[in-house]
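# Close look at the chain arrangement
For reference, the chains in residue letters:
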Amino acid sequence: MIKKVEHIGIAVKNLDDAEKLYEKLLGVKSYKRETVESEAVTTSFFQTGENKIELLASTDPDGVVARFVNKHGEGIHHIAFETDDIEAETERLKNEGFILLNEKPKRGADNKWVVFVHPKSAGGVLVELCQERED
Ligand code: ZN
């Protein structure tokens, strides 16, 4: 099942500038920076109570996040829901007719398995399912 909103992903142009802005906004510092090579992004995480904010900056001018920012500008990129069984939830959403960007969970930032749901099947919102990785 889906347990909660785990984080909101925000696409930014410049990670240093965005970190400064979010540190001011939230009153806390980023607790982690991590590059995910397969997605061509560097992420920066902020804890806000139970939830997190994930800033995403492209490491490649042709990467998915760079293309998103070029098209839409900086802003909300995805909503991530935590699940206790990512394979079962992926199967459930597939059976419900959602279009999955990857059916097999892949390694995401901050120690997670992740599956993405295409925004065109989810009301215009890029949805991430995530589950804590044990390794
Ligand atoms: Zn995310």
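Overview of the structure. Each chain has its residues counted from 1, running along the sequence as written. Note on the predicted model: pLDDT of at least 70 is required for a residue's local features to be given, and 80 or more for side-chain atom pairs to be given and counted; whole-chain, interface and lining totals, by contrast, use all residues. Only hydrogens and water are set aside; all other atoms, that is, all heavy atoms of the structure, feed into the side-chain values.

### Re the overall build of the chain
- A run of H or I in DSSP counts as a helix once it spans at least four residues, and a run of E counts as a strand once it spans at least two, with each numbered from the N terminus. The helix and strand tally for the chain stands at three helices and eight strands.
- Taken from N to C terminus, the helices and strands of the chain fall in the order β-α-β-β-β-α-β-α-β-β-β.
- The C-alpha atoms of the chain give 14 Å as radius of gyration, which agrees with the globular expectation for 135 residues (14 Å, within 12%).
- Considered along the principal axes of its C-alpha atoms, the chain spans approximately 40 × 30 × 25 Å.
- Buried means the residue's accessible area, taken with a 1.4 Å probe over protein chains only, is under 20% of the maximum for its type, while exposed means over 50%, and partly exposed covers the values in between. Across the 135 residues that make up the chain, the buried fraction comes to 41%. We compute the radius of gyration from the C-alpha atoms alone; for a globule the expected value is 2.2 Å times N to the 0.38, where N is the number of residues.

### Section: the pairing of strand β4 (residues 51–58)
- Most of β4 is tucked away, with six of its eight residues classed as buried.
- DSSP bridges decide pairing: two strands pair if at least two such bridges lie between them. As judged from the eight bridges shared by strand β3 (residues 41–48) and β4, these two strands associate in the antiparallel manner. Paired with S44 across the bridge in β4 is L55.
- Between β3 and β4, which follow one another and run antiparallel, lie two residues, and G49 among them has a positive phi close to 65°.

### Some details on helix α2 (residues 64–72)
- Turning to α2, its buried residues are V65, A66, F68 and V69. Buried residues of α2, seen end-on, are gathered within an arc of 160° and therefore sit on one face of the element. Facing away from the buried side of α2 by over 90 degrees, the exposed positions are R67, N70 and K71.
- Note on contacts: a residue pair is in contact if any heavy atoms of the two residues lie within 4.5 Å. Summarising the contacts, the buried residues of α2 are in contact with β1 (2–12), β3, β4 and β5 (75–83).
- After α2 finishes, the residue G73 shows a positive phi value of roughly 80°. In this description, the arc belongs to the directions extending from the helix axis to the C-beta atoms.

### Comments concerning the packing of aromatic side chains
- Paired rings are identified among Phe, Tyr and Trp, the last through its six-membered ring, by centres lying within 6.5 Å, and are further divided according to the angle between planes into stacked (under 30 degrees), edge-to-face (over 60) and tilted (the rest). Enumeration over the complete set of coordinates arrives at two aromatic pairs.
- Seen in terms of ring centroids, Y22 and F46 are 6.3 Å apart; in terms of plane orientation they differ by 45°. Their pairing is tilted. Remark: F46 occurs in strand β3 and Y22 occurs in helix α1 (residues 15–26); sequence separation between them is 24 residues. As far as the burial class goes, Y22 and F46 line up, both buried.
- Ring centres of Y31 and F45 lie 6.1 Å apart, and the angle between their planes is 40°; on these two criteria the pair is classed as tilted. With Y31 in the loop between α1 and β2 (32–36) and F45 in strand β3, the pair connects residues that are 14 residues apart, well separated along the chain.
- Of the residues examined, Y31 reaches a relative accessible area of 39% and is grouped as partly exposed.
- Residue F45 is classed as buried on the basis of its relative accessible area of 1%.
- One Lys or Arg, R133, reaches over the ring of W113 and ends 5.9 Å from the middle of that ring. Placement of a positive charge over a ring is assigned whenever Lys NZ or Arg CZ falls within 6 Å of the ring centre and within 35 degrees of the normal to the ring plane.

### Digging into the pattern of salt bridges
- A carboxyl oxygen of Asp or Glu within 4 Å of a side-chain nitrogen of Lys or Arg is what we treat as a salt bridge. By the definition in use, this model includes 13 salt bridges.
- Across the pair K52 and E6 runs a salt bridge whose closest N-O atoms are separated by 2.8 Å. Of this pair, K52 sits in strand β4 while E6 sits in strand β1, placing them 46 residues apart in sequence.
- Classification of E6 by relative accessible area gives buried; the value is 5%.
- As a salt-bridge pair, E89 and R92 come within 2.8 Å of each other at their nearest N and O atoms. Here R92 and E89 lie together in helix α3 (residues 86–95), a separation of three residues that amounts to about one turn.

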